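Observations on the three-dimensional arrangement
One letter stands for each residue in the lines below.
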Amino acid sequence: MVLANVIYNEICCSFVPKVQKIMKKNISIYGGGWVGAPLAFKLALAEFEVTVSASSAHKQAKHPNIKVVEFRAEPNMEKGLWDEMNQSEIQIWAIPPRRKKNSEEFYLQILQDWLSVLDEKIVKKIIFLSSTSIYQNVSDIVDEKSAIVETSLMAQAESLILASKIPSVILRLGGLMGGDRFVAKYFSGRRNDGANCPVNYVHKDDVVALCTLTVEKINKGIYNIVAPIHPTKGEVGENDIEKRNMPAGTWDYSQPCLGGKIISGEKITKELKYQFKHPDPMEF
């Protein structure tokens, strides 16, 4: 009887899969601000170990899996100052160019410095947050194969990323909205040009969700992240101003839209089978 029980237990146990905790990769996020902080939290919830750089004013990301590092990227820093952030297998660059004198030159120098100190034995993937402003202003539907402004800051930045030996994913983000960034804030009480031009906005929630999926499922390539519906600037502006009961703006609908491109984000949504949480900027 005892032998029978032993045999029974061995047979049963052989069909029970062994539960092993899969250790997810470490991630560093440069830029713990408007996108970087919620992205860090989303990745932490997905059980990644996240290191995020932030100034003292941006410590929104709080979770046991998140390490917030006091860090501010500057040109020509000592190599050792990058070390704490550069130990992760996946590196996400979410620092936007600064709006001040010499900012373009400094931004490119900082990127070059960062790429030069990344260890190819450690880092397996770079995710770089770029912008759809890189595209030429044409009256057409624009996708990742469309012509870009080669002399633009983001085109030069992307060139640096693509020249690296480390595989990279470039995410070109549309106009970022959501939370404290809402359309009426920028159009209320003002004269606004381009009323008939389509908008290429994207909600922060969708940016964070798609960045998280990119970490897990995409290893290389260039992708647009833009909401699939494109109302005109006048439509979305007047709608949001009315909903928020803010002072009306001035709009001129008599002028045609010159070079109002519509940016397609279908490539990444099809590849990841993603449904936008906020597809229509009229409802942001």
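Each remark here, short or long, concerns the structure printed above.
So, here is what we can say about the structure in this document. All values derive from a computational prediction rather than experimental measurement. (Residues numbered from 1 in each chain as written. Predicted model: local features only at pLDDT ≥ 70, side-chain atom pairs only at ≥ 80, totals over all residues. Heavy atoms only, no water.)

Observations regarding the nonpolar core
Under the convention used in this document: Nonpolar cores were defined as sets of buried Ala, Val, Leu, Ile, Met, Phe, Trp, Tyr and Cys residues, with membership established by side-chain atoms within 4.5 Å. Each residue's exposure class comes from its accessible area (1.4 Å probe, protein chains only) as a fraction of the maximum for that residue type: buried when under 20%, exposed when over 50%, partly exposed otherwise. Helical segments are the DSSP runs of H or I of at least four residues, strand segments are the runs of E of at least two, and each set is numbered from the N terminus. Contact criterion: two residues are considered in contact whenever any of their non-hydrogen atoms come within 4.5 Å of each other.
Counting residues in each nonpolar core, the largest one holds 35 residues, and the members touching the most others are Ile29, Leu43, Ile92 and Leu171. The dominant element in this core, judged by the number of residues it contributes, is helix α6 (residues 204-217), at seven residues. Excluding its chain neighbours within four sequence positions, the residues that come into contact with isoleucine 29 are Gly36, Leu39, Ala40, Leu43, Val50, Thr51, Val52, Ser53, Met85, Ile92 and Ala94. Membership of the second largest hydrophobic core comes to 33 residues, among which are Phe71, Trp93, Trp114 and Met154.

Here we look at the pairing of strand β4 (residues 90-93)
Rule in force here: A strand pair is defined by DSSP finding two or more bridges across the two strands.
What you see with β4 is no split at all: Ile90 and Ile92 on one side and Gln91 and Trp93 on the other are buried throughout. Both strand β1 (residues 26-30) and β4 contribute to a ladder of four bridges, which runs parallel. Residue pairing across strands places isoleucine 27 opposite isoleucine 90, the latter belonging to β4. Relative to strand β5 (residues 125-131), β4 runs parallel, the two sharing four bridges. Note that in β5 the partner of tryptophan 93 across the bridge is phenylalanine 128.

Digging into the pattern of salt bridges
For clarity, the threshold we go by: Salt bridge criterion: a side-chain nitrogen from Lys or Arg within 4 Å of a carboxyl oxygen from Asp or Glu.
This model, assessed by the stated rule, comprises six salt bridges. When the shortest N-O distance is used, the salt bridge between arginine 72 and glutamate 74 registers 3.1 Å. Looking at arginine 72, the relative accessible area reads 52%, which means it is exposed. When the shortest N-O distance is used, the salt bridge between glutamate 266 and lysine 270 registers 3.5 Å.

Concerning the pairing of strand β2 (residues 49-54)
Residues in a regular strand point their side chains to alternate faces of the sheet. Filter applied, for reference: A crossover gets the label right-handed when its path from the first strand over the helix to the second runs clockwise, viewed with the strands pointing away from the viewer.
Taken across its six residues, β2 has five buried, putting it largely inside the fold. Regarding the hand of the β-α-β motif, the stretch spanning β1, helix α2 (residues 36-45) and β2 is right-handed. Here β2 runs beside strand β3 (residues 66-70); their pairing, made up of five bridges, is parallel. Residue pairing in the sheet places alanine 54 in a bridge with glutamate 70 of β3.

Focus: the side chain of serine 188
Within the secondary structure, serine 188 sits in the loop between α5 (183-187) and β9 (191-192). Ignoring any residue separated from it by four or fewer positions in sequence, one finds serine 188 in contact with Ile241, Met246, Pro247 and Ala248.

Examining the sheet that holds β3
Our working rule: Fitted lines through C-alpha atoms give the axes, limited to the stretch in contact for helices. The angle between two N-to-C directions lies from 0 to 180 degrees.
With parallel pairing, the seven strands of this open sheet are ordered in space as β3-β2-β1-β4-β5-β7-β11. Here the strands that pair on one side only, and so sit at the sheet edges, are β3 and β11 (221-225). Direction aside, neighbouring strands of the sheet carry axes that sit 20° apart on average. Taken strand by strand, helix α4 (residues 153-163) contacts β5, β7 (168-173) and β11, and its axis lies near 170° from that of β5.

So, the packing of aromatic side chains
Test applied: Pairing of aromatic side chains here covers Phe, Tyr and the six-membered ring of Trp, requires ring centres within 6.5 Å, and sorts the geometry by plane angle: under 30 degrees stacked, over 60 edge-to-face, intermediate tilted. Working rule: Lys NZ or Arg CZ, within 6 Å of ring centre, within 35 degrees of ring normal, means a charge sits over the ring.
By the definition in use, this model includes eight aromatic pairs. Note on tryptophan 93 and tryptophan 114: the rings are 4.7 Å apart at their centroids and 40° apart in plane angle, and the pair reads as tilted. With tryptophan 93 in strand β4 and tryptophan 114 in helix α3 (residues 103-117), the pair connects residues that are 21 residues apart, well separated along the chain. Judged by relative accessible area, which is 1%, tryptophan 93 ranks as buried. Ring pairing ties together the aromatic residues Tyr30, Phe71, Trp82, Trp93 and Trp114, which thus form one cluster. Across from the ring centre of tryptophan 34, 4.3 Å away, lies the NZ or CZ of lysine 204, which sits over that ring. Sitting over the face of the ring of tyrosine 223, lysine 267 holds its NZ or CZ atom 4.5 Å from the ring centroid.

Here's the deal with the environment of threonine 214
Tracing the backbone shows threonine 214 in helix α6. Taking relative accessible area as the criterion, threonine 214 reaches 0% and is therefore assigned buried. Along the sequence, threonine 214 and leucine 171 sit 43 residues apart, while their C-alpha atoms lie 9.2 Å from each other. The contact partners of threonine 214, leaving out residues within four places of it in the chain, are Lys125, Ile127, Val169, Leu171 and Ile268.

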